[in-house]
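Read off the chains here:
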Amino acid sequence: MMPETTDVETINRRRMNVVLGVAVLLASSPILISYFVLIASSFTNQMITGGIMGQLIFTLQNWVLFFEGKLTVTAASVLSFWNILHYILNTFIVAFGVMIVVTVLATLAGYACSRMRFKGRKFLIQLLILLHAFPGVSLIIAVYALYIFSKQPLPQNLWTFYAFLYVIVARAALEVPMDVWIMKGFFDKVPWEVEWSALIDGASRIKVWKDIILPLVKPGIAAIAIFSFMAGWGALIYVMVFLPATEKTLATYIAGLLAGGSLEVVHLPIVAAAGTFYLIPTLAFFTFVRRYMLQTSLSGIKG
Amino acid sequence: MNLKKKLILLFFLGPMLFVVILFYVIPLFLSIYISFTPMTDWNVNRYLTQFIGLANYYRLIHIMMYDPDMRAVIITTVVFTSVTLAINVLGGLLLALATYFMDERLSVPYQGLWLLPRMTPIAVYALLWYYFFHSSGIGLLNTILMRLHLISHPIAWGLDPRYLPWGAWFIIIFINGLVGVSYGMIIFYAAFKSIPKELIVAARVDGASTFRIIRHILLPLTRWHFTFITVWQLFSLLTSFAQTYLLVAWRVVDSTWGQPWALYVFRTAFTTTKDQGLAAAASTFLSAIGIVLGIVALKVLRYKEMILEPKGDI
């Protein structure tokens, strides 16, 4: 990309920036306000909306109560700190699991789709594009039926472990077609000469892939790793369907808190603290996301 | 191809093929099979061997014709999909144009901000709008309107029968649109950036206005992307239901008028009647639309011609 100075200054750039900046700011206001309400309310004694401003007090109480597993300020707690830690750990397990499965599968298959000649290659690549778009919900019934079937022969003490394994692979499967396609785009950009020189020296294909090509597509690997981690971290439907009710993640915990819309049962600022905590990885990756999104969309959709 | 080559190919493709066959190919056929069984309550052992022909499809067509709730599902699906699709594509285009003509120090944070909903866990994203549209006085929208004295008491935007169906539709369209536009924004923006800058500069030198640059350079050169975004957003709108599911479960949105087809399938199979046979029949419609639309998309977008041959495979 060229520096801005090469543009001919026949238009008033400053005025354009101001007009567009204000317009987009107005359009963005629902996003800004709604995230502000969530995060700010987690630090106040009541929701910052609805109350009278004078009564708002800054407090860390909601965060303490959230980690203690309490739902209201006064009521006795049903859960303990260990339950909450358990849910957070479960969320991490699913997120890391999805990340590992997706990243390994996509870096392997993306390489083959980009670099190897085999029968049915074009068909496979088109199939992946189709699968990426395929309505996953229309399969979840059958995926669940398969799950029930396949867990029956297992001993009961393995069922929880199997549920985690299944939810990870099933959730990863939704991301795989797109990420293979994205990785293919990154492999396509590596010059063939790099690979030839190594192959001519007698190295095997797998060794070349591992030692020479992979380091060159690190940005692609980082991108799909972050995206698939976030997909697993935020997973709701699959976690809700496959994991037993005792094995909650932050998603199903929050979903359960507000089920039925019951306001009496739970102090809303505590939910805001839970939500803000759940949002931390998103905010941590915030600056990477735009760059990686642009990279993957450029190399991903075409070629 | 000798054995060693085959083994290497299996090493690279095997794991992916395993997952694709296990979670796409088999479920597709199994799902169609389940639609021919009376499966309920996930009793696979009892029902999976009973074959009842097209009975589920007859039932589905019957309720589509006579059940007003099912008619609400159909109308909601059509309105929700078409309006949100238009918002996603055109909104994404507008955002991409706006950020393209801005300085980078403005466009980078703005694009980041618009990508935030996409990266936010679904439960948190739904929570934002739970607070926003809440039917009591703590709802942000109610708070603002009451402060401005535009309304005197809180309104249940997505539930109050007086505002249905539009109240519920507005909420589900709004929250899905806000996530959806960022996809178009990123794809269009990347496409605009890949247009040689000289073209824009030359047009400026010749005295073309910004509007004419958009009309005659940027839009014609990104027609492929326009089709791509439209098709892909259509797919995701037909199938995304997680946010809507939570807002229905949390009593922010009416369960009849806030329920597109995909959510109906999910709730019928898992939460309400647990009638998997009927849900599978309803999901077969989605699969059929998915397959037909997908094949059309592959043809229209000419993917086959874009797939390069690996030139130097030895």
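Positions within a chain are numbered from 1, following the residues in the order the chain's sequence is written. Here chains are named by letter from A upward and ligands by number from 1 upward, in the order in which they appear as written. Since the coordinates come from a predicted model, pLDDT governs what is reported: local features require at least 70, and pairs of side-chain atoms require 80 or more to be given and counted, while whole-chain, interface and lining totals use all residues.

Caption draft 1: Molecular detail of the overall build of chain B. For chain B, the helix and strand inventory stands at 15 helices and zero strands. Oriented by its inertia axes, the alpha-carbon framework of chain B measures out at about 80 × 75 × 30 Å. Out of the 314 residues in chain B, the part that is buried amounts to 45%. Counting contacts in chain B only where the partners sit at least 6 residues apart, residues at least 24 apart contribute 69% of the total. Here a strand is any run of E in DSSP of at least two residues, a helix any run of H or I of at least four, and the numbering for each starts at the N terminus. Partly exposed residues are those whose C-beta has more than 12 but fewer than 20 other C-beta atoms within 10 Å; with 20 or more the residue is buried, with 12 or fewer it is exposed, and the C-beta atoms are placed from the backbone. What counts as a contact here is a pair of residues whose C-beta atoms, placed from the backbone, lie within 7 Å.

Caption draft 2: View of the overall build of chain A. Counting secondary structure elements, chain A contains twelve helices and zero strands. When the helices and strands of chain A are placed in sequence order, the string is α-α-α-α-α-α-α-α-α-α-α-α. The C-alpha extent of chain A, read off along each of the three principal axes, is 75 × 75 × 35 Å. Within chain A, the proportion of its 303 residues that are buried is 44%. In chain A, the proportion of contacts linking residues at least 24 apart, taken out of those at least 6 apart, comes to 73%.

Caption draft 3: Region of interest: the interface of chain A and chain B. Taken together, the contacts link 98 residues of chain A with 97 residues of chain B. Side-chain classes follow a simple rule in which Ala, Val, Leu, Ile, Met, Phe, Trp, Tyr, Cys and Pro form the nonpolar group, Asp, Glu, Lys and Arg form the charged group, and the remainder, Gly included, forms the polar group. Grouping the amino acids of the side of chain A that touches chain B by side-chain chemistry returns 70 nonpolar, 19 polar and nine charged.

Caption draft 4: Examining the packing of helix H11 (residues 223-239) of chain B against helix H14 (residues 276-300) of chain B more closely. Residues and elements named next belong to chain B. The convention used is that axes are lines fitted to C-alpha atoms, helices contributing only their stretch in contact, and that angles between N-to-C directions extend from 0 to 180 degrees. Remark: H11 packs on H14, axes separated minimally by 11 Å, with the N-to-C direction vectors making an angle of 170 degrees. Taken together, the axis directions place H11 and H14 in an arrangement best described as roughly antiparallel. Seen from H11, the contacting residues are Thr227, Val231, Leu234, Phe235, Leu238 and Thr239; seen from H14, they are Leu286, Ile289, Gly290, Leu293, Ala297 and Val300. Grouping the amino acids of the contact of H11 with H14 by side-chain chemistry returns nine nonpolar, three polar and no charged. Angular relationships are summarised with four words: roughly parallel below 35 degrees, roughly antiparallel beyond 145, roughly perpendicular across 65 to 115, and oblique for the angles in between.

Caption draft 5: Unusual backbone geometry, seen in detail. All names here are of chain B. In this model, Leu164 is joined to Pro165 through a cis peptide bond whose omega is 0 degrees. The backbone phi angle of Asp41 is positive, close to 50 degrees, even though this residue is not glycine. Along the chain, Asp41 turns up in the loop between helix H1 (3-34) and helix H2 (44-47). With a phi close to 60 degrees, Trp42 is a non-glycine residue in the positive phi region. Relative to the helices and strands, Trp42 is located in the loop between H1 and H2. With 17 C-beta atoms counted inside 10 Å, the residue Trp42 sits in the partly exposed group.

Caption draft 6: Region of interest: helix H4 (residues 121-133) of chain A. Given a helix with a known number of residues, its expected span is that number minus one, times 1.5 Å. Taking 1.5 Å per residue, 13 residues should reach 18 Å; H4(A) reaches 19 Å between its end C-alpha atoms and fits that length. Among the residues of H4(A), those classed as buried are A:Leu128, A:Ile129, A:Leu130, A:Leu131, A:His132 and A:Ala133. Turning to H4(A), the residues buried within the fold contact helix H6 (159-188) of chain A together with H1, H11, H14 and helix H15 (303-306) of chain B.

Caption draft 7: Quick peek at the nonpolar core. As used throughout, a nonpolar core is a set of buried Ala, Val, Leu, Ile, Met, Phe, Trp, Tyr and Cys residues joined through C-beta atoms within 7 Å of each other. The biggest cluster of nonpolar side chains holds 185 residues, and the ones touching the most others in it are A:Ile254 and B:Ala123. The element that contributes the greatest number of residues to this core is helix H8 (residues 166-193) of chain B, accounting for 18 residues. Non-local contacts of B:Ala123, meaning those with residues more than four positions away in its chain, are made with A:Leu236, A:Ala251, A:Ile254, A:Ala255, A:Tyr278 and B:Leu246.

Caption draft 8: View of helix H9 (residues 218-234) of chain A. With 17 residues, H9(A) extends 24 Å between its outermost C-alpha atoms, agreeing within 8% with the 24 Å of an ideal straight helix rising 1.5 Å per residue. Among the residues of H9(A), A:Gly220, A:Ala223, A:Ile224, A:Phe227, A:Ser228, A:Phe229, A:Met230, A:Ala231, A:Gly232, A:Trp233 and A:Gly234 are the ones counted as buried.

Caption draft 9: Broad picture of the environment of A:Glu247. Residue and element names in this part refer to chain A. You can see Glu247 is positioned in the loop between helix H10 (237-242) and helix H11 (250-257). Under the C-beta neighbour-count criterion, Glu247 is labelled partly exposed, with 18 such atoms within 10 Å. Separated by 55 residues in sequence, Glu247 and Trp192 have C-alpha atoms that sit 48 Å apart.

Caption draft 10: Focus on the confidence of the model for chain A. Residue and element names in this part refer to chain A. pLDDT measures the predictor's confidence residue by residue and takes values from 0 up to 100. A residue-level look at chain A finds 92% of positions with pLDDT of 70 or above and a mean pLDDT of 85. At the low end of the mean pLDDT range in chain A sits helix H7 (residues 192-200), at 81; at the high end sits helix H3 (residues 81-115), at 94. Scored below 50 in pLDDT, residues 1-9 makes nine contacts in the model with residues more than four places away or belonging to other chains.

Caption draft 11: Layout of the packing of H3(A) against H1(B). In the contact formed by H3(A) and H1(B), the axes pass within 8 Å of each other and the chain directions differ by 125 degrees. The orientation of H3(A) relative to H1(B) falls into the category oblique. Where H3(A) crosses over H1(B), the two elements pack in a sense that is left-handed. Between H3(A), through A:Val104, A:Leu105, A:Leu108, A:Ala109, A:Tyr111 and A:Ala112, and H1(B), the contact on the second element is made entirely by B:Leu9, B:Phe12, B:Leu13, B:Pro15, B:Met16 and B:Val19. Residue composition of the contact of H3(A) with H1(B), by class: twelve nonpolar, no polar and no charged. The handedness criterion is simple: a crossing whose near helix is rotated anticlockwise from the far helix by less than a right angle is left-handed, and one whose near helix is rotated clockwise is right-handed.

Caption draft 12: Highlighting the environment of B:His216. All names here are of chain B. Counting through the fold element by element, His216 comes out in helix H10 (residues 210-221). When the 12 C-beta atoms within 10 Å are taken as the criterion, His216 is described as exposed. Between the C-alpha atoms of His216 and Gln276, which are 60 residues apart in sequence, the distance is 52 Å.

Caption draft 13: Just the confidence of the model for chain B, in detail. Residues and elements named next belong to chain B. Looking at chain B, pLDDT values average 89 and 98% of them are 70 or higher. Across chain B, the element-wise mean pLDDT spans from 73 in H15 up to 94 in helix H4 (residues 68-100). For this predicted complex, the interface score ipTM comes out at 0.90, while the overall pTM is 0.91.

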